[in-house]
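Analysis of the macromolecular model
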Amino acid sequence: MSSRSDKSVMHSAAWRISLWATLAFTCGTMIVFVFIDRFVANDIQRRSDAWLSGEVEVLGDVAERTPDDALYNRVVGEVAELASREVPNKAPSQDDDNDSVFFLQIGKDGALKLWVGSGDGQAQLEAIRAHTLIIERPSSIRVRGIAIPFRVAAIAMKDGGRVYLGLSERDEQRVLRNLRLRFFLLWLSLVLLGFAIVFFTTRRTLSHVRGINEAASRIGQMDLKTRVPTTQRNDEISQLAVTLNRMLDRIESTVIQLHTITDSLAHDLRSPLTAIRGKLESSIAGTRDDQQLETIVSAIEELDRLTDFLNKSLDVAEAKADALRLTPTSIDLDALLGSMVALYEPSMSERGLRIRFERRGPVRIFGDEGLIHRMIANLFDNELRHLSSGCTVTVYLDQSAGGASLALLDDGAGFDPEVKASLFTERIKGKESTGHGLGLAFVGAVVRAHSGTIAATNAESGGAQINITLPLTSAEELSHQVVMTS
Amino acid sequence: MRLLLVEDEHDIQTFLEQALTEAGYQVDVAPNGKAAESFAQANSYDILIVDLGLPDQDGISLIMHLRHEGVRAPVLILSARRSVDDRVRGLELGGDDYLTKPFALAELLARLRNLLKRNVPHNSETTRLRVQDLELDLLKREASRGGQSLQLTPQEFVLLEYLCRNAGRVVTRSMILDKVWGMRIQPDTNVVDVHIYRLRGKVDGNQQTPLIRTLRGVGYVLKER
């Protein structure tokens, strides 16, 4: 169950929208963070370069002014030592071990004159010699044996020597690393939060759309009274729901109008028909003359045919406007067909026809039992009227994912090619047909009212074939029905 | 038998009143719901015929109202509406019956008799039916005529049982389809007649006195005597 809902979540539009929105958001924030990172890194470097340039100038000045005597090394060394304590970005907890700054003075001959820093300075000297340092513009130098490069500034002395001040980029890198870690955590939580917000809001929004869709499809199938759910908010979706409901109001009122017209038409015709039939029937009682009796009985029969014609015409008219009234229940089409085949079998065999029913077990559909009965009766009546003696009618019933499929196949002459294309249109009938051309139009109408499909072809063997599919009862409809009947 | 006919169409009123009187009912005619209510208050009826399309109110509301007032008599509903309302179905389940216009007079009379019979405490314990020399054993689902066993299909047995239960009364094709097959259809073809024809072949085949009689344009009757 949960894996099914997981799957459905991952197939939902909300999931897709959130993924894309998150991707866009991720890229956007990443670009912003890269810019900030570049800016901060440059700023840190600018600050340490400013410090280096200032300090190397001061140290150069001190080295210049200090007399070159026995105390020289001590004086200059102390000043350099003091300067190194004011290193920018220094971690507060770091101990005093001064390996992040070095002071290096070389003489005119290029030999090491004074070294303040950890180690003997030879490696640094080597690295500096390998680079052509631009005076007063600090640059990065890699020193053999030390992983992190130094930022080194230099100043030329009047005696031809040089003073170098080096600052390890370690602190700078640490600050940047801390910054990036915070950036990354912030970015990650923003992305997750963004995803969650987008996902839940779109899912909420789309759940309204889903509600509208479900209601609309229910309405499309059977009942016109239901309305799609509306929300309090005045956004596009609630406007869509309102518009749909207004459209449904109009459709319903049109259908009600049609029903009123057909009802009153039926009523206006039925009342006189009832009276005429009643009078004819009453007059049978007083008639002794056989011929007169025959006339009256055939008049009654004509009247009944007229009534049937009236009923079917009105049904087809309503069905054409998709306004056939259904009272749907869950029906076992297999049992229904079984009893109808049993009902028609004697008539068929009396006409020299055979009827076979190929069944595969219960097939439940959700439909109007009365209409389905009349639909099948129409199909069988049609076969009875049109097939010549010796033919076989075969009824196939099966179910697939597409629904219940019902096929009626005979080995007769097939449909008249002239009428085949418009078989399900009213008043269309074959040349020899004695019906009023409403039977198949009615069948088509019932199938459409049940959201099914119908097709008529001539089979390869030459007989007529009618294929009908009807939607199966869904579990939801079954439970709905249980609720309604309990 | 006292009957209240609630019908506003004058022509239908007239012929129904005449036919029902001839059939032995004492008929009162109410042209609208108001009149029907006062009739029902003043008299006690055995059965009611109510048209759904009354000028002053809906027939169903009238029936509900009468039921509320304590009228217990069965009701035969006449409807000119094409589709059968769910509420009519509800009433049908409650023991009442309905007919759509136009109807066969014989069918109306047959349904009235059915309703009246239903209203009388009915012996559901019956296990055997007997009409003249025709005997039906409802438990063993066996039929015999003059002591000779009849080879009937289950469907034919149900049909014969229905005819026997209504022996002496006319049953129409649509009643047979409705009660035996459970279908409210009106086939264009002679499906019911062929069933009856086959049944008659087995029941009356080589008998002196045929039991199943056809009333053309109306239906069938199983003779009582």
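Residues numbered from 1 in each chain as written. Chains lettered and ligands numbered in written order. Predicted model: local features only at pLDDT ≥ 70, side-chain atom pairs only at ≥ 80, totals over all residues.

Topic: the overall build of chain A
For chain A, the count of helices and strands is 12 helices and 12 strands. When each of the 486 residues of chain A is scored for burial, the buried share is 28%. The long-range fraction of contacts in chain A, counting pairs at least 24 apart against all pairs at least 6 apart in sequence, stands at 61%. (Helix = DSSP H or I, 4+ residues; strand = E, 2+ residues; numbered from the N terminus. Buried ≥ 20, exposed ≤ 12 C-beta atoms within 10 Å, placed from the backbone. Contact = placed C-beta atoms within 7 Å.)

Topic: the overall build of chain B
The number of helices and strands found in chain B is 8 helices and 12 strands. The buried share among the 225 residues of chain B stands at 40%. For chain B, contacts bridging at least 24 residues in sequence account for 53% of all contacts bridging at least 6.

Remarks on the interface of chain A and chain B
A common way to express how large an interface is: the accessible area buried when the components associate. In this complex, chain A contributes 37 residues to the contact, which on the side of chain B involves 34 residues. Among the elements of the structure, helix H6 (236-285), helix H7 (290-320), helix H8 (333-350) and helix H9 (369-386) of chain A are those that each provide at least two residues to the side of chain A that touches chain B. No other element matches H6 of chain A, which puts 13 residues into the side of chain A that touches chain B. Partitioned by chemical class, the residues of the side of chain A that touches chain B number 12 nonpolar, 13 polar and 12 charged. (Nonpolar A, V, L, I, M, F, W, Y, C, P; charged D, E, K, R; others polar.)

Some points on the environment of Glu-9 of chain B
Structurally, Glu-9 of chain B is set in the loop between strand S1 (2-6) and helix H1 (10-22). Between the alpha carbons of Glu-9 of chain B and Pro-31 of chain B there is a distance of 7.7 Å; along the sequence they are 22 residues apart.

Some points on the environment of Cys-391 of chain A
Residue and element names in this part refer to chain A. Turning to its location among the elements, Cys-391 is positioned in the loop between H9 and strand S9 (392-400). Along the chain, Cys-391 and Asp-411 lie 20 residues apart, while their C-alpha atoms are 5.8 Å from each other. Not counting residues within four places of it along the chain, the set of residues in contact with Cys-391 comprises Leu-353, Asp-410, Asp-411 and Gly-412.

Points about the sheet that holds strand S3 (residues 47-51) of chain B
All names here are of chain B. With respect to topology, 5 strands assemble into an open sheet ordered S2-S1-S3-S4-S5, the strand pairing being parallel. In this open sheet, the two edge strands, each paired with only one partner strand, are strand S2 (26-30) and strand S5 (97-100). Geometrically, the sheet is characterised by an average inter-axis angle of 20° between neighbouring strands, direction not taken into account. Here S3 pairs with strand S4 (residues 75-79) via 4 bridges, running parallel. Its bridge partner being in S4, Asp-51 is matched across the sheet by Leu-78. Against the sheet, helix H3 (residues 59-68) touches S1, S3 and S4, its axis set at about 150° to S3. (Pairing = 2+ DSSP bridges. Axes fitted to C-alpha atoms, helices over the stretch in contact; angles between N-to-C directions.)

Let's talk about the environment of Gly-201 of chain B
By the secondary structure assignment, Gly-201 of chain B is in helix H8 (residues 191-203). Given 11 C-beta atoms within 10 Å, Gly-201 of chain B falls into the exposed group.

Quick word on the sheet that holds strand S9 (residues 148-150) of chain B
All names here are of chain B. A sheet is described by the order of its strands in space; here 4 strands give the open sequence S6-S7-S8-S9, paired in antiparallel fashion. The sheet terminates laterally at strand S6 (128-131) and S9, the two strands that pair on one side only. When the angles between neighbouring strand axes are averaged without regard to direction, this sheet yields 25°. The pairing of strand S8 (residues 142-145) with S9 spans 3 bridges and is antiparallel.

Things to note about H8 of chain A
Residues and elements named next belong to chain A. Over its 18 residues, H8 runs 26 Å from end to end, which matches the ideal 26 Å to within 8%, given 1.5 Å per residue. At Tyr-344, H8 is bent by approximately 40°, the largest bend along its length, and proline Pro-346 sits one to four residues beyond. Residues of H8 that are buried include every one of Leu-333, Leu-336, Met-340, Leu-343, Tyr-344, Glu-345, Pro-346, Ser-347 and Met-348, and no others. Immediately beyond the C-terminal end of H8, within one or two residues, lies Gly-352, with a positive phi of roughly 80°. (Expected span 1.5 Å × (residues − 1). Bend = angle between axes of the 7 residues up to and from the residue.)

Some remarks on the confidence of the model for chain A
Residue and element names in this part refer to chain A. Across chain A, the average pLDDT comes to 81, with 87% of residues at or above 70. Of all helices and strands in chain A, the one with the weakest mean pLDDT is helix H12 (residues 475-485) (49), whereas strand S7 (residues 354-358) scores best (93). In the model, residues 481-486 has pLDDT below 50 throughout and makes 2 contacts with residues more than four positions away in sequence or in other chains. (pLDDT = per-residue confidence, 0-100.)

Structural notes on the confidence of the model for chain B
The predicted model of chain B averages 84 in pLDDT, with 89% of residues at 70 or higher. Scored as a complex, the prediction yields pTM 0.61 and ipTM 0.77.

Details of the packing of helix H2 (residues 13-65) of chain A against helix H3 (residues 72-84) of chain A
Residues and elements named next belong to chain A. Running from N to C, H2 and H3 cross one another at 165°; their axes reach a closest spacing of 10 Å. In terms of orientation, H2 and H3 fall into the roughly antiparallel class. For H2 against H3, the interelement crossing comes out right-handed. Across the interface between the two elements, Glu-55, Leu-59, Val-62 and Ala-63 from H2 touch Val-76, Val-79, Ala-80 and Ala-83 from H3. (Parallel < 35°, antiparallel > 145°, perpendicular 65-115°, else oblique. Left-handed = near helix turned anticlockwise from the far one by under 90°.)

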